[in-house]
Amino acid sequence: MADKRKEAEQARPDVPSTVARSDDKAVRTWKKTHDSAVESYGEGEQAHRTAFSSLKHTHEKIGDRWEPKAHSGPSDQQAARRGAAARRGGPTAEGVDANASVKHLRELARELGVPGRSTMNKAELVEAIKKANRRATAKAR
């Protein structure tokens with residue numbers, strides 16, 4: 001366990017700020033996936049997208065950090081894509097677990113202080129949480 005903690009602490013300066021503010025598993029997941037992607041694709045946007053896609057299977061973005069999800073799996077349609085379809089890109093939920101229940105999304109919206117959440121449908125909740133996450137991340141920088 002101490003080795004994993006040490007590995008995460010050593011990687012924190014090399015990961016995006018939202019990942020660095022997250023738990024050790026998020027840091028290790030992002031760093032290992034990114035390093036592997038750099039070997040395959042070279043340094044750049046594709047390696048970063050690959051690392052975030054991997055992270056979205058185990059974590060969801062809440063405010064300015066990534067927290068473990070109750071159930072692993074893709075967070076949105078884009079994260080579920082593989083191969084050429086994934087490389088073409090497309091809209092994402094920016095780390096919000098769009099596959100989560102409305103109840104879970106409302107709880108997150110409450111935690112983030114999203115007004116009007118009780119009357120929002122699932123798509124509206126995802127959009128509102130994305131905006132709240134962007135604000136929290138900008139404030140934390």
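For the structure, see preceding data.
Everything in this summary refers to the structure shown in the same document.

Conventions we followed
Residues numbered from 1 in each chain as written. Predicted model: local features only at pLDDT ≥ 70, side-chain atom pairs only at ≥ 80, totals over all residues. Heavy atoms only, no water. Helix = DSSP H or I, 4+ residues; strand = E, 2+ residues; numbered from the N terminus. Buried < 20%, exposed > 50% of the residue type's maximum accessible area, 1.4 Å probe, protein only. Pairing = 2+ DSSP bridges. Salt bridge = Lys/Arg side-chain N within 4 Å of Asp/Glu carboxyl O.

Before going further, it helps to spend a moment on the environment of Gly-116. Mapped onto the secondary structure, Gly-116 falls in the loop between α7 (102–111) and α8 (122–140). Spatially, the C-alpha atoms of Gly-116 and Ser-17 are 29 Å apart, while their sequence positions differ by 99 residues.

What follows covers the pairing of strand β1 (residues 59–62). Residue alternation in β1 divides its side chains into two sets, His-59 and Lys-61 and Glu-60 and Ile-62, and both sets are buried. Where β1 lies against strand β2 (residues 65–68), four bridges are found, and the strand directions are antiparallel. Residue pairing for β2: His-59 is matched across the bridge by Pro-68. What sits between the antiparallel neighbours β1 and β2 is a turn of two residues, in which Gly-63 has the positive phi angle 70°.

Turning our eyes to something else, we now look at the pattern of salt bridges. Pairing is possible between side chains that carry opposite charge, provided their charged atoms lie close to one another. Under the counting rule described, the total for this entry stands at 15 salt bridges. Among the ionic pairs, Arg-12 bridges to Asp-24, the shortest N-O distance being 2.4 Å. Of this pair, Arg-12 sits in the loop between α1 (2–11) and α2 (17–20) while Asp-24 sits in helix α3 (residues 24–41); the two residues are twelve residues apart in sequence, bridging distant segments of the chain. Of the residues examined, Arg-12 reaches a relative accessible area of 16% and is grouped as buried. In this structure, the salt-bridge partner of Arg-65 is Glu-67, at a minimum N-O distance of 2.7 Å. Through salt bridges with shared partners, a single ionic network connects Arg-21, Asp-64, Arg-65, Glu-67 and Glu-111.

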